[in-house]
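The lines below spell out each chain.
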Amino acid sequence: MAYATRVHAVDGTYELYRAHYSKRPRKVATVDGEELDVTATVGLTASLLALLADAKARVSHLVYAFDHTIRSFRNDLYAGYKDDAGVPAELAAQFGLVERVVAALGVRVLPMVEVEADDALATVAASFPECAVDILSPDKDLAQCLEGDRVRTVDRARERTTTYAGYVEARGFSPALVPDFLALVGDPQDGIPGLAGFGEKTVAQLLAAFGRREQIPEEANAWPAAIRGRDRLAEALAARRGEAALYKRLATLVRDVPLGLTLADLEVPAAPAPGFEAAARALGAGDLAARADKVFRERASRAAGAGT
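Residues numbered from 1 in each chain as written. Predicted model: local features only at pLDDT ≥ 70, side-chain atom pairs only at ≥ 80, totals over all residues. Heavy atoms only, no water.

### Quick look at the nonpolar core
Using the following cut-off: The nonpolar core is taken to be a set of buried Ala, Val, Leu, Ile, Met, Phe, Trp, Tyr and Cys residues, with the residues joined through side-chain atoms within 4.5 Å. Note on classification: 1.4 Å probe, protein chains only; a residue is buried when its accessible area is under 20% of the maximum for its type, exposed when over 50%, partly exposed between these limits. Strands are runs of DSSP state E lasting at least 2 residues, helices are runs of H or I lasting at least 4, and numbering of each runs from the N terminus.
Core analysis: the biggest nonpolar cluster contains 44 residues, and L52, L62, Y64, V102 and L105 have the highest contact counts within it. Taken together, the elements giving at least two residues each to this core come down to helix 1 (12-20), strand 2 (28-31), helix 2 (39-53), strand 4 (61-67), helix 5 (95-105), helix 12 (276-282) and helix 13 (286-306). The dominant element in this core, judged by the number of residues it contributes, is helix 2, at eight residues. In terms of nonpolar packing, the next biggest core, distinct from the first, is built from 29 residues, L146, L195, F198 and A234 among them.

Right, here's the structure in full:
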């Protein structure tokens with residue numbers, strides 16, 4: 001099916017981390033009277049402009065979701081869930097700053113507090129069923145949003161696009177079962193331990209055979225014979241179903257966050273917003289303002305050419 005509009009929904013938190021840990025030279029600026037390492041903010045902004053300049057991507061509707069704080073409602077459910085421990089201070093200091101800079105360019109920003117950026121991205125994908133949606137993130141959690149040929153995930157760093165059919169072919173089970181998969185295998189990045197002994201191959205076999213975690217039989221002899229140690233694993237799963245249910249809830253993305261968005265809210269403006277030049281100069285990166293002007297001029301030229 002052909003869609004008239006494609007929404008690009010970006011995992012801003014991932015992009016910020018990626019820019020922070022890149023090999024680009026460190027950049028320090030005085031922001032609001034405080035000296036800050038702004039390397040990650042500058043890097044993310046440069047990446048944003050590269051995305052807008054990409055003639056192949058043809059970005060017309062764009063939104064960036066950020067974890068305004070690392071903690072969310074999931075920390076109240078499970079004490080071991082990821083939090084802000086270990087986040088470098090110089091990176092944490094840029095969480096609010098990067099949101100302001102992206103918004104200053106004229107791009108819609110979603111700063112998440114009670115829920116996570118991934119929840120916002122999942123909600124965006126669900127909110128515009130008339131549009132194709134590209135979720136720009138390599139986060140494996142977001143595969144649960146894949147839907148037919150409408151919703152895809154895109155790993156910009158590896159230039160890899162994943163579709164629903166591609167995921168099923170590669171993993172052997174439906175993307176809708178990603179929370180079930182992570183509940184059993186675990187997700188160390190998010191602090192979800194999973195169940196000991198349940199590796200990716202074993203869990204993929206179980207999900208392919210039975211579907212949702214709740215549908216996996218307790219009787220080991222009902223499991224595929226190819227699963228090694230199935231008696232032990234079936235016993236462990238039966239004894240720890242409560243834990244697995246909690247881990248599944250942690251891994252399940254919220255798709256009805258009250259964002260209050262319309263499609264028009266996501267339209268990329270025709271030119272940088274008036275405050276962007278000042279925001280770029282405050283970062284000691286006036287070249288970003290010049291680059292933004294060039295990118296938007298080129299976009300306008302392409303649009304005019306397409307209309308002739």
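### What to know about unusual backbone geometry
Within the chain, R58 stands out as a residue other than glycine whose phi angle is a positive 50°. Among the secondary structure elements, R58 is positioned in the loop between helix 2 and strand 4. R58 gets classed as exposed once you look at its relative accessible area, which sits at 69%.

### Structural notes on the side chain of T41
Which entries qualify depends on this criterion: Under the rule applied, a polar contact is a pair of N or O atoms within 3.5 Å (in protein, one hydrogen donor and one hydrogen acceptor; residues adjacent in sequence only if both atoms are side-chain atoms). Here a residue-residue contact requires only that any non-hydrogen atoms of the pair lie within 4.5 Å.
With respect to the helices and strands, T41 occurs in helix 2. At 2.9 Å, the side chain of T41 forms a polar contact with the side chain of Q94. T41 has contacts with L16, Q94, L97, V98, V101 and L283, leaving out every residue within four places of it along the chain.

### Observations regarding the environment of V7
Mapped onto the elements of the fold, V7 is located in strand 1 (residues 6-11). Take V7: its relative accessible area is 0%, and that puts it in the buried class. Separated by 256 residues in the primary sequence, V7 and L263 have C-alpha atoms spaced 8.6 Å apart. Leave out the neighbours within four places in its chain, and V7 touches H61, V124, C131, A132, V133, D134, L263 and L266.

### Observations concerning helix 8 (residues 178-185)
Of all the eight residues making up helix 8, seven are buried; the element is thus mostly covered by neighbouring parts of the structure. Considered for burial, the residues of helix 8 that qualify are V178, P179, D180, F181, L182, A183 and L184. Buried residues along helix 8 sit in contact with helix 7 (164-171), helix 9 (200-210), helix 10 (230-239) and helix 11 (241-251). Backbone geometry just downstream of helix 8 places G186 in the positive-phi region, at approximately 95°.

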